[in-house]
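# Geometric and topological summary
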Amino acid sequence: MTSEFNELLSIAHGDKAQVWLIGTRDQVTHLITEFYVKRIASDRLHFTPIIPAPFASGKYMSVLVR
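Let me begin by describing the structure that accompanies this report.

Calculation rules
- Residues numbered from 1 in each chain as written.
- Predicted model: local features only at pLDDT ≥ 70, side-chain atom pairs only at ≥ 80, totals over all residues.
- Heavy atoms only, no water.
- Pairing = 2+ DSSP bridges.
- Helix = DSSP H or I, 4+ residues; strand = E, 2+ residues; numbered from the N terminus.
- Phe/Tyr/Trp six-rings, centres within 6.5 Å; stacked < 30°, edge-to-face > 60°.
- Buried < 20%, exposed > 50% of the residue type's maximum accessible area, 1.4 Å probe, protein only.
- Expected span 1.5 Å × (residues − 1).
- Contact = heavy atoms within 4.5 Å.
- Axes fitted to C-alpha atoms, helices over the stretch in contact; angles between N-to-C directions.
- Polar contact = N/O pair within 3.5 Å; in protein donor to acceptor, adjacent residues only side chain to side chain.

On to the pairing of strand 3 (residues 60–65). Working note: regular strand, side chains alternate between the two faces of the sheet. Across 6 bridges, the pairing between strand 1 (residues 18–23) and strand 3 is antiparallel. What sits directly across from Leu21, in strand 3, is Ser62. Where strand 2 (residues 51–52) lies against strand 3, 2 bridges are found, and the strand directions are antiparallel. Counted as the bridge partner of Ile51 is Met61 from strand 3.

What follows is the structure in structure tokens.
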């Protein structure tokens, strides 16, 4: 990662761990389902809504907050 991108990440020590899913809309949807089926995430509500990735043209992202 570039230092500019690291500066945009506002992570405090008390925050929860995050898993970022970035890819096509189909890939992100598939990974969300796979995480749920494999019980990595206990509920799909732990994922943020799928949004266009601001740093990758044509890609989408969702974040799993644990």
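With that settled, the discussion passes to the packing of aromatic side chains. Tallying each qualifying case throughout the model produces 2 aromatic pairs. Both rings, one in Trp20 and one in Phe55, keep their centres 6.4 Å apart while their planes meet at 25°; by these two values the pair is stacked. On the criterion of sequence distance, the pair formed by Trp20 in strand 1 and Phe55 in the loop between strand 2 and strand 3 is long-range, its members being 35 residues apart. Accessibility expressed as a relative area gives 33% for Trp20, which makes it partly exposed.

The next thing to look at is unusual backbone geometry. For Arg39, which is not glycine, the phi dihedral falls at a positive 60°. Structurally, the position occupied by Arg39 is in the loop between helix 2 (25–37) and strand 2.

A few words now on helix 2. With 13 residues, helix 2 extends 18 Å from end C-alpha to end C-alpha; this agrees with the ideal 18 Å at 1.5 Å per step. Residues of helix 2 that are buried sit in contact with strand 1 and strand 3. Two residues or fewer after helix 2 comes Arg39, characterised by a positive phi angle close to 60°.

A separate point is the sheet that holds strand 1. Within the open sheet, the 3 strands sit side by side as 1-3-2. Their pairing is antiparallel. Among the strands making up the open sheet, the edge pair consists of strand 1 and strand 2. The strands touched by helix 2 are strand 1 and strand 3; relative to strand 1, the strand with the most contacts, the crossing angle is about 145°.

Take the side chain of Ser62 next. When you line up the elements, Ser62 lands in strand 3. Looking at Ser62, its side chain comes within polar contact range of the main-chain oxygen of Thr48, at 2.7 Å.

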